[in-house]
Amino acid sequence: MPDTVNNIRPVIRHLDANAINRIAAGEVVERPASAVKELVENAIDAGARRIDIAIAQGGKSLIRVTDDGCGIAPDDLALALSRHATSKIDGTDLLNIHTFGFRGEALPSLGAVGRLTITSRAEGFDAAEIKVSGGEMGSVKPAALTRGTIVTLQDLFYATPARLKFMRSDRAEVQAISDVVKRLAMAEPFVSFTLRDVSGGEGRVTFRADAQTGDMFDALRGRLANVLGREFADNAVPIDAERDGFHLTGYAALPTYSRGAAVAQFLFVNGRPVRDKVLVGALRGAYMDFLSRDRHPAACLFLDCDPTMVDVNVHPAKSEVRFREAGVARGLIVSAVRHALANAGHRASTTIAGETLGAMRAEQVEPRIYQMDRPSQGGLSASYAAQAPMFEDGQTPFDAPSARIEANAPTDTSLPDHPLGAARAHLHENYIVAQTRDGIVLVDAHAAHERLVYERLKKQMAENGVARQALLIPDIVELSDGDAALIIGQTDTLARFGVVVEPFGAGAIAVRETPALLGQCDVSGLIRDVLDELHDLGSSDLVQAKIEAILSRVACHGSVRTGRRLNGDEMNALLREMETTPHSGQCNHGRPTYVELKMTDIERLFGRT
């Protein structure tokens, strides 16, 4: 606190260069993963096609990034370590940015808190090297290097030991570095990445992604299979859509391939990995109709636009962005993802079959019987005859009340070419067993019909609009002037879903109509909930979500109930409608409506393969 007793006036002074760089490092270099991010982005900006990253002790003692990019001329090495010195912009337009980096802060910041060595060779020049330790820069010296750049950072934060106390364990830091490298690898599928942990000497490769070939979609799919796993690539649908200067590409996973946390959501703006709440909210909104609140979608989306339409200079680590037209960007993500999922039709995740097989645990295998102990063929035949079930006159082997078999089911050779096959049986008065050309399908009839009815109700609502109920006495909701203006700005959107509002003096609105499906609702609470979403995400789907939740409940009550027996025609009609209805592969909560087992899966289950 200022000493008010002695009236000592605080003196304003310039900080020295080292203090300035250490302060900047506190913003840019939060942990070893931040340093790796800055150095790898520099390599990508230099046009590198192969990037090798080596770390030791979670990046605390060593980070070394080697690339085959354009390199740095000897005369520019010292300048590269000066603050706000960069080759990526000329300073006249801070919105027209086409590179990862542009501030010129990373290298001097790293040199201020660690021991930094840069060895580089540009085409037409000899290789050179420069060192900086704790902000103290050495002279440029000749070096040996064929091409590209090697940046070595040792003893990170040795010059600011207090920061070391806030570092996490080596394992946690390695995981953070791996996540950073994987995100950048997804953004650059045509670049090779290798991450090595050299803590124990020569080290081991913890991540490797070779450069992909082919067109952008094929390359991206191959890279995502490498980074996220083959299961994601097999259960994701491609996205390619444009609107008002924004272009969205990438892959979004089927709703049945959902996750328990938002750990598989990767969003990029002009190739830059970002964690933007507007984009995350848009992705969540796109899956709102397919997932319960405790499940999260998996997706890798790339939003590209003119650099002047987005400001990337709003966060020290450039992990957040600000759009000039945020509503357009959000709307494009929601509509493009929903359209891609609709085109997937009845398709469900292929992982469901694996989970089903995993649930069917094989019994303990008996000790092996050697050939000399095997019974004779005659003994086996007698044994089989003795074990065959005996039925009295008029009794059938399938007289259980919970199963129905189609006597006139088609033979294998006459099976129609339907993806979900032909119905063979109805089990436990709920599950349909269908036979396909190369396997079987088990359908939850209630869940499947519930989804079909729900999609039918949504289609009717889209065609006929949301029915409204006029309030006898309009509800007056008192708000602040800013909140009232925010709600009035959403008048058209709210009216589309049955909520009619209008201004009612300063800081108040009048709600004249509400959706008939909601019945008697808390109008004030509804408006305030909408406001919360508008403040948090910039838009609100709350009213739509409430209406669709009611339609979902109506569909549940209007669908085939468990316990009702279905005949062959009814079962096959349900299967055919599933094949032509979007999103029929999952119920209204994101759970699968059917499980498909191929013959290879069944044979493996019985140990035949």
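The structure contained in this document is the topic of the report that follows. (Residues numbered from 1 in each chain as written. Predicted model: local features only at pLDDT ≥ 70, side-chain atom pairs only at ≥ 80, totals over all residues. Heavy atoms only, no water.)

A word on the overall build of the protein
Link 1 in the chain: When you go through the protein residue by residue, the secondary structure sums to 19 helices and 24 strands.
Link 2 in the chain: Here the protein holds 609 residues, and the buried ones make up 45% of them.
Link 3 in the chain: For the protein, the share of sequence-separated contacts (at least 6 apart) that also reach a separation of at least 24 residues comes to 69%.
Link 4 in the chain: Total accessible area computed for the protein in this model is approximately 32000 Å², and 52% of it derives from carbon and sulfur atoms. (Helix = DSSP H or I, 4+ residues; strand = E, 2+ residues; numbered from the N terminus. Buried < 20%, exposed > 50% of the residue type's maximum accessible area, 1.4 Å probe, protein only. Contact = heavy atoms within 4.5 Å. Areas by Shrake-Rupley, 256 points an atom, 1.4 Å probe, with all protein chains shown as cover.)

What about the sheet that holds strand β12 (residues 265–269)?
Link 1 in the chain: In space, the five strands of this open sheet follow the order β10-β11-β14-β12-β13, with mixed pairing throughout. Since the sheet does not close on itself, it has two edges, and those belong to β10 (236–243) and β13 (272–274), each with one partner. Averaged over all neighbouring strand pairs, the angle between strand axes comes to 20°, with direction disregarded.
Link 2 in the chain: When strand β11 (residues 246–253) meets strand β14 (residues 299–304), the two strands line up antiparallel, connected through six bridges. Residue pairing in the sheet places H247 in a bridge with D304 of β14.
Link 3 in the chain: Together, β12, β13 and β14 form the strand contacts of helix α6 (residues 170–187), whose direction differs from that of β12 by roughly 55°. (Pairing = 2+ DSSP bridges. Axes fitted to C-alpha atoms, helices over the stretch in contact; angles between N-to-C directions.)

Description of a negative patch on the surface
Link 1 in the chain: Residues D475, D522, D529, D532 and D536 make up a contiguous surface patch of negative charge.
Link 2 in the chain: Among the elements that take part in the negative patch, helix α16 (residues 523–537) stands out by supplying three residues, more than any other.
Link 3 in the chain: As for its placement among the helices and strands, D529 is situated in helix α16. (Patch = residues over 30% accessible without salt bridge, like charges linked within 9 Å, V, L, I, M, F, W, Y side chains within 5 Å. Salt bridge = Lys/Arg side-chain N within 4 Å of Asp/Glu carboxyl O. Lys, Arg positive; Asp, Glu negative; His and termini not counted. Charge placed at Lys NZ, Arg CZ, Asp CG, Glu CD.)

Side note on the environment of L220
Link 1 in the chain: For L220, the location among the structural elements is in helix α7 (residues 216–228).
Link 2 in the chain: Given a relative accessible area of 3%, L220 falls into the buried group.
Link 3 in the chain: Along the primary structure L220 and A185 are separated by 35 residues, whereas in three dimensions their C-alpha atoms are 9.9 Å apart.

Comments concerning the pattern of salt bridges
In a structure, side chains of opposite charge can pair up when their charged atoms sit close to one another.
Link 1 in the chain: Applying the stated criterion to the full structure yields 18 salt bridges.
Link 2 in the chain: The salt bridge partner of D289 is K458, with a shortest N-O separation of 2.2 Å. One end of the pair, D289, is in the loop between α9 (277–286) and β14; the other, K458, is in helix α13 (residues 445–464), and 169 residues separate them in sequence. With respect to burial, D289 and K458 carry one shared label: buried.

Some thoughts on helix α10 (residues 326–343)
Link 1 in the chain: With 18 residues, α10 extends 26 Å from end C-alpha to end C-alpha; this agrees with the ideal 26 Å at 1.5 Å per step.
Link 2 in the chain: Among all positions of α10, only V328, A329, R330, L332, I333, V334, A336, V337, A340 and L341 are buried.
Link 3 in the chain: For α10, the elements touching its buried residues are β10, β11, α9, β14 and β16 (322–323).
Link 4 in the chain: Once α10 ends, the next one or two residues include G345, with phi positive near 60°. (Expected span 1.5 Å × (residues − 1).)

Considerations on the nonpolar core
Link 1 in the chain: If you look at the biggest cluster of nonpolar residues, it comprises 58 residues, and the most contacted ones within it are V40, I51, I53, L116 and F193.
Link 2 in the chain: Ranked by residue count, the leading element in this core is α6, at nine residues.
Link 3 in the chain: Residues within four places of I53 in sequence aside, it is in contact with V36, V40, R64, V65, V181, T194, L195 and R196.
Link 4 in the chain: One finds V274, Y287, V310 and L332 within the second-largest nonpolar core, a separate group that totals 36 residues. (Core = buried A, V, L, I, M, F, W, Y, C linked by side-chain atoms within 4.5 Å.)

Focus on the packing of α9 against α10
Link 1 in the chain: It is the contact of α9 with α10, at a shortest axis distance of 8 Å, that shows an interaxial angle of 30°. One element, α9, and the other, α10, form an angle in the roughly parallel class. Where α9 crosses over α10, the two elements pack in a sense that is right-handed. Contacts between α9 and α10 pair V278, L279, G281, A282, L283, G285 and A286 from the former with A326, R330, I333, V334, V337 and R338 from the latter.
Link 2 in the chain: Residue composition of the contact of α9 with α10, by class: nine nonpolar, two polar and two charged. (Parallel < 35°, antiparallel > 145°, perpendicular 65-115°, else oblique. Left-handed = near helix turned anticlockwise from the far one by under 90°. Nonpolar A, V, L, I, M, F, W, Y, C, P; charged D, E, K, R; others polar.)

What to know about unusual backbone geometry
Generally, phi is negative for residues other than glycine and the peptide bonds are trans, each holding for most cases.
Link 1 in the chain: Backbone geometry at D244 places phi at a positive 50°, although glycine is not the residue there.
Link 2 in the chain: Structurally, D244 can be placed in the loop between β10 and β11.
Link 3 in the chain: A positive phi angle, close to 55°, is found at E429, a residue other than glycine.

Describing the pairing of strand β1 (residues 50–56)
Link 1 in the chain: Counting buried positions along β1 yields six of seven residues, so the element is predominantly enclosed.
Link 2 in the chain: One ladder, built from six bridges, connects β1 with strand β2 (residues 62–67); its direction is antiparallel. Paired with I51 across the strands is D67, a residue of β2.
Link 3 in the chain: Here β1 folds back onto β2, and the loop between the two strands holds five residues, one of which, Q57, carries a positive phi near 50°.

Describing the sheet that holds strand β22 (residues 500–503)
Link 1 in the chain: In spatial order, the strands read β21-β23-β22; together these three strands make up an open sheet with antiparallel pairing. The open sheet has two free edges, formed respectively by β21 (468–478) and β22, since each of these has just one partner strand. Across the sheet, the axes of successive neighbouring strands diverge by a mean angle of 20°, strand direction being ignored.
Link 2 in the chain: Of the pairings in the sheet, the one linking β21 to strand β23 (residues 508–515) comprises seven bridges and is antiparallel in character. Opposite Q469, over in β23, you have T514 as the bridge partner.

Digging into the pairing of β12
Link 1 in the chain: For β12, the buried fraction is high: five of the five residues fall into the buried class.
Link 2 in the chain: Side chains Q265, L267 and V269 of β12 all project onto a buried face; the interleaved residues F266 and F268 project onto the opposite face, where all are buried too.
Link 3 in the chain: In this structure, β12 lies alongside β13, joined through three bridges in antiparallel fashion. What sits directly across from F268, in β13, is P273.
Link 4 in the chain: Counted between consecutive antiparallel strands, the loop separating β12 from β13 contains two residues, among which N270 sits at a positive phi close to 50°.

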